[in-house]
Amino acid sequence: MAAARGARSTASSHAAASPSSSRGSSRRQHHHRRARGGDGVLFSSTPRFANGAEPRRQHAGRQSCPRRRRGPPEALPPEALDLNLSLPSLGQVEAGAAALPLAGLAVLTFTGAFKKSKNLSDIFARLLTIVSQGYFQPNVGGDTIPEAEGEASDLVGDEPLFKALYNMFLDSGGVFRLSFGPKCFLVVSDPVVVRHILKDNAFNFDKGVLAEILKPIMGKGLIPADIETWKVRRKAVIPGFHKAYLDCMVDLFGRCTERTVEKIDRVCKGDGDKTLDMETEFLNVALDIIGLGIFNYDFGSVNTESPVIKSVYGVLKEAEHRSTTYIPYWNLPFADVVVPRQRQFKADITIINDVLDDLIKLAQETQQEEDMEALQNRDYKNVKDPSLLRFLVDMRGEDSSAKQLRDDLMTMLIAGHETTGAVLTWALHCLVENPEELEKTVSEIDRVLGDRTPTFEDIREMKQVRMVIAESLRLYPQPPILIRRALAKDTLPGGIGGDPNGYEIGKGTDLFISVWNLHRSPHIWKDPDAFKPGRFDEAIPAQGPWEGYDGKNFAGLYPNESAYNFAYVPFGGGPRKCLGDQFALMEAVIALAMMLRRFNFKVKEGHVPGMATGATIHTAKGLLMDISRRDTSPSESEELEEMVAK
Ligand code: HEM
């Protein structure tokens with residue numbers, strides 16, 4: 001502990017000494033020093049974890065304060081003027097008494113900020129933080145919670161938000177506080193703390209900021225729903241994803257992917273450019289699948305671009321815009337009339353709502369009430385409409401309003417479309433960048449699938465393809481950040497290397513669970529940034545209060561949060577875990593396998609896809625791939641075509 005304390009004070013004085021203008025780069029240098037495992041000043045005497053990673057600074061209770069602490073205004077260290085993040089929380093002080101010091105502080109801070117800050121928006125963000133922290137922010141945690149260093153511009157700059165948070169995690173640990181303009185969050189990147197929030201004390205947290213953003217789009221759908229509504233709807237929706245339905249979906253996944261295969265085939269056979277943006281292609285196939293599987297509507301987006309599809313993409317874009325914008329201006333009166341972007345959003349959502357309303361009306365008019373058992377044993381081969389909507393409408397005793405059904409469908413349309421499209425995009429990218437894994441994957445597909453339409457049994461047999469999807473989800477979790485708000489005060493566990501007394505948080509505390517950080521934590525994963533689908537067979541030793549992973553204890557076909565004790569949470573965990581996980585995993589395996597057995601993919605020369613923050617991780621510039629057919633001999637359908645032509 002003495003060594004750890006020494007290391008901490010070294011880190012602290014080092015940070016205080018670094019000029020703010022070079023803070024970003026100095027932080028990165030720390031990170032590189034540690035990532036190399038070099039003997040940098042910071043952690044020269046700290047022990048390493050069994051996987052070779054170094055533990056982060058220990059926080060040994062309230063006395064061993066982190067680098068930055070909150071305190072009364074007169075106790076401000078000189079560097080406090082340097083950064084909004086280090087200013088005292090006036091939330092603990094009576095508002096009236098705080099007014100004067102606040103004004104004085106604002107002037108001082110403004111002067112300090114003006115001298116040292118990178119740009120004007122950072123100064124503005126600092127001022128917003130100072131003003132808002134006293135009056136609008138709840139108590140976002142006790143004194144022992146480390147404060148992250150950084151500027152607001154670090155978070156909205158060139159790098160995606162989740163990457164900026166990764167550097168802060170390496171510096172500040174598995175739980176840290178981050179002030180960002182008028183907002184203040186706790187960022188959580190530790191499996192023990194994540195399990196507490198998602199599972200052990202799950203009902204003390206709702207979706208907070210996310211619910212505020214999504215309510216105008218999803219209403220009372222499962223994602224933003226308040227807990228009471230959620231309990232009723234979750235119970236109603238979950239039986240819809242029963243085995244017979246999922247079996248039937250396997251067939252649908254094959255049929256929809258075949259459209260894309262045929263489209264790419266046409267491109268390959270044509271005289272023109274053989275380059276396609278595979279991100280767009282995967283998003284299209286995922287949209288067609290979710291439309292047919294959830295409400296029996298064929299978007300046909302692989303081959304057309306209808307106004308409905310444009311509206312779906314418009315609404316998705318707006319949801320993302322709202323989640324990354326400082327001020328919720330769309331709530332202002334008449335914003336949807338005056339602001340062009342909001343006008344467009346209103347038009348888009350009206351188009352989708354109309355389509356959904358028509359589908360719901362039709363389903364209700366043709367309702368055939370049955371009890372749950374009969375519905376789950378339907379002979380799906382002979383059912384014209386196997387969709388989830390049909391199930392929800394036909395289930396006896398399930399009298400949901402048309403509005404509630406619409407909210408549910410809209411939620412699943414959004415939750416299940418981009419996520420799966422993104423997983424496929426990054427899985428293909430990872431494979432193309434790792435030729436050995438690609439070869440292994442393609443030979444498995446050839447051996448198991450041959451030329452058949454995939455079945456559920458095939459999925460079982462294609463372990464390498466399944467692990468490719470699982471590993472892509474580790475490296476590129478969709479979404480990379482989960483959002484929660486505390487409904488009552490709570491004590492979070494300290495987690496790996498954190499304060500053993502835990503961290504107190506107040507009612508209303510906003511939390512970011514960084515799945516990106518968790519999935520790339522050097523405290524847990526060996527070579528965290530490397531793409532290694534075989535890693536799920538390897539044990540990981542316990543680290544402090546985290547129990548580790550025994551290398552073989554996932555019961556189903558895919559590794560999951562239980563097996564990994566919440567170090568791997570691609571679908572969340574606890575009561576609000578994704579209910580489309582099996583649907584999505586089967587879809588991804590089938591779509592990837594069907595593409596890879598037909599085509600060779602190569603990233604277009606000179607093209608760098610990049611990454612962008614959104615509800616999911618997008619590429620910044622698409623995933624441009626040069627494509628050629630793998631098998632040049634004519635396929636069965638071509639031979640048939642030729643015979644017919646003769
Ligand atoms: C690879 C694709 C997918 C990924 C990575 C994914 C991921 C997630 C995650 C991480 C959550 C938890 C969010 C949180 O705790 O805040 C979630 C929730 C949810 N997902 Fe998925 N999802 C995928 C596909 C789907 C599909 C296909 C559907 C529907 C057909 C779906 C429907 C939902 C719903 C309704 C929720 C909210 C559950 C609740 O709050 O009770 N997801 N998803």
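Calculation notes
- Residues numbered from 1 in each chain as written.
- Predicted model: local features only at pLDDT ≥ 70, side-chain atom pairs only at ≥ 80, totals over all residues.
- Heavy atoms only, no water.
- UniProt positions renumbered as here; feature names shortened; annotations may be inferred.
- Helix = DSSP H or I, 4+ residues; strand = E, 2+ residues; numbered from the N terminus.
- Buried < 20%, exposed > 50% of the residue type's maximum accessible area, 1.4 Å probe, protein only.
- Contact = heavy atoms within 4.5 Å.
- Areas by Shrake-Rupley, 256 points an atom, 1.4 Å probe, with all protein chains shown as cover.
- Core = buried A, V, L, I, M, F, W, Y, C linked by side-chain atoms within 4.5 Å.
- Salt bridge = Lys/Arg side-chain N within 4 Å of Asp/Glu carboxyl O.
- Near = heavy atom within 4 Å.
- Polar contact = N/O pair within 3.5 Å; in protein donor to acceptor, adjacent residues only side chain to side chain.
- Nonpolar A, V, L, I, M, F, W, Y, C, P; charged D, E, K, R; others polar.
- Phe/Tyr/Trp six-rings, centres within 6.5 Å; stacked < 30°, edge-to-face > 60°.
- Pairing = 2+ DSSP bridges.
- Axes fitted to C-alpha atoms, helices over the stretch in contact; angles between N-to-C directions.
- Disulfide = S-S within 2.5 Å.
- Parallel < 35°, antiparallel > 145°, perpendicular 65-115°, else oblique.
- Left-handed = near helix turned anticlockwise from the far one by under 90°.

If you check an unreviewed UniProt entry, the chain appears there as Cytochrome P450 from Chloropicon primus. Under the UniProt heading Cofactor (unreviewed entry), the note attached to the chain is "heme".

**With respect to the overall build of the chain**
A count of helices and strands for the chain gives 23 helices and 10 strands. Every one of the 646 residues in the chain was classed for burial, and the buried ones make up 57%. Taking as baseline every contact in the chain between residues at least 6 positions apart, the subset at least 24 positions apart corresponds to 74%. Accessible surface for the chain amounts to roughly 27,200 Å². Of this, 55% is attributable to carbon and sulfur atoms.

**Here's the deal with the nonpolar core**
In this structure, Phe-241, Met-278 and Phe-601 are the most contacted members of the largest nonpolar core, which totals 137 residues. Of the residues forming this core, the biggest block, 14 residues, is contributed by helix H17 (residues 402–433). Apart from the residues lying within four places of it in its own chain, the contact partners of Phe-601 are Met-278, Leu-428, Val-432, Met-595, Leu-596, Met-625, Asp-626 and Ile-627. In terms of nonpolar packing, the next biggest core, distinct from the first, is built from 20 residues, Val-188, Val-193, Ile-197 and Phe-566 among them.

**Digging into the pattern of salt bridges**
Within the structure shown, the criterion is met by 31 salt bridges. Between Asp-357 and Arg-406 there is a salt bridge, and its shortest N-O distance comes to 3.1 Å. You can see Asp-357 sitting in helix H14 (residues 340–365) and its partner Arg-406 sitting in helix H17, a full 49 residues away along the chain. Accessibility expressed as a relative area gives 17% for Arg-406, which makes it buried. In this structure, Asp-451 engages Arg-598 in a salt bridge whose closest nitrogen and oxygen atoms are separated by 3.0 Å. With Asp-451 in the loop between helix H18 (435–449) and helix H19 (456–461) and Arg-598 in helix H22 (residues 581–598), the pair connects residues that are 147 residues apart, well separated along the chain. In this structure Arg-598 comes out as partly exposed when scored by relative accessible area, which is 22%.

**Looking at the UniProt feature "binding site: heme" (unreviewed entry) in the chain**
Here, the residues flagged by UniProt with the feature "binding site: heme" (unreviewed entry) are Cys-578. For Cys-578, the position within the fold is in the loop between helix H21 (515–519) and H22. Look at Cys-578 and you get partly exposed, because its relative accessible area is 32%.

**As for the site of the ligand**
Every one of the 29 residues lining the ligand counts as a neighbour, but Trp-230, Arg-234, Gln-478, Arg-484 and Cys-578 are closest to it. Between an oxygen atom of the ligand and a side-chain N or O atom of Lys-207, the distance comes to 3.4 Å. Take Arg-234: an N or O atom from its side chain is 2.7 Å from an oxygen atom of the ligand. Sorting the residues of the shell around the ligand by element identifies helix H9 (227–237), helix H11 (278–295), H17, strand E5 (481–486) and H22 as the ones contributing at least two each. Of the residues forming the shell around the ligand, the biggest block, six residues, is contributed by H17. Here the shell around the ligand is built from residues that sort into 18 nonpolar, six polar and five charged.

**Thoughts on the packing of aromatic side chains**
Following the criterion strictly, the structure yields 21 aromatic pairs and no others. Where Phe-203 meets Trp-230, the ring centres are 5.8 Å apart and the plane angle is 55°; that geometry is what we call tilted. Placement of Phe-203 in the loop between helix H7 (191–200) and strand E3 (205–206) and of Trp-230 in helix H9 is noted, with a sequence separation of 27 residues between them. By relative accessible area, which is 6% here, Trp-230 ends up buried. Taken together, a centroid distance of 5.9 Å and an interplanar angle of 85° make the contact between Phe-241 and Tyr-245 edge-to-face.

**Looking at the pairing of E5**
Here E5 lies mainly inside the structure; five of its six residues are buried. Pairing of E3 with E5, which is carried by two bridges, proceeds in the antiparallel orientation. What sits directly across from Phe-205, in E5, is Ala-486. Strand direction decides the pairing type here: E5 and strand E8 (residues 510–514), joined by five bridges, are antiparallel. Paired with Ile-481 across the two strands is Ser-514, which belongs to E8.

**A few points about unusual backbone geometry**
Here Gln-478 and Pro-479 are connected by a cis peptide whose omega angle stands at 0°. Within the element layout of this structure, Pro-479 appears in the loop between helix H20 (463–475) and E5. For Phe-334, which is not glycine, the phi dihedral falls at a positive 70°. You can see Phe-334 is positioned in the loop between helix H12 (307–323) and helix H13 (335–338). On the basis of relative accessibility, which here comes to 60%, the residue Phe-334 falls in the exposed class.

**A word on the side chain of Ser-521**
Mapping Ser-521 onto the fold places it in the loop between H21 and H22. For Ser-521, a relative accessible area of 2% corresponds to the buried category.

**A few points about the sheet that holds strand E4 (residues 275–277)**
Taking strand neighbours across the sheet as the criterion, the three strands line up as E4-E10-E9 in an open arrangement whose pairing is antiparallel. Each of the sheet's edge strands pairs with one partner strand only, and the pair in question is E4 and strand E9 (599–603). Strand after strand, the sheet turns through a mean of 40° between neighbouring axes, direction not considered. In the sheet, E4 pairs with strand E10 (residues 624–629) via three bridges, with the strands oriented antiparallel.

**As for the state of the cysteines**
In this structure the tally under the stated criterion is zero disulfides. Cys-248 takes part in no disulfide bond, and the closest cysteine sulfur to it belongs to Cys-256, at a distance of 11 Å.

**Things to note about the packing of H17 against H22**
Helix-helix packing is characterised by the crossing angle of the two axes and by the distance between the axes. Relative to each other, H17 and H22 sit at 45°, their axes nearing to 10 Å. Between H17 and H22, the crossing angle belongs to the class labelled oblique. Once H17 is placed against H22, the crossing between them reads as right-handed. Residue-level inspection shows Thr-420, Leu-424, Ala-427, Leu-428 and Leu-431 of H17 in contact with H22, the latter providing Ala-584, Glu-587, Ala-588, Ala-591, Leu-592 and Leu-596. Along the lines of polarity and charge, the residues of the contact of H17 with H22 split into nine nonpolar, one polar and one charged.

**Quick notes on the environment of Lys-532**
Within the secondary structure, Lys-532 is located in the loop between H21 and H22. On a C-alpha basis, the gap between Lys-532 and Ala-486 in space is 36 Å, while along the polypeptide they are 46 residues apart. Those residues in contact with Lys-532, other than ones at most four positions away along the chain, are Glu-471 and Asp-527.

**Section: the pairing of E10**
Burial of the side chains of E10 is restricted to one face: Met-625, Ile-627 and Arg-629 are buried, whereas none of Leu-624, Asp-626 and Ser-628 on the reverse face is. By the bridge criterion, five bridges tie E9 to E10 in an arrangement that is antiparallel. Within E10, the residue paired with Phe-599 across the bridge is Arg-629.

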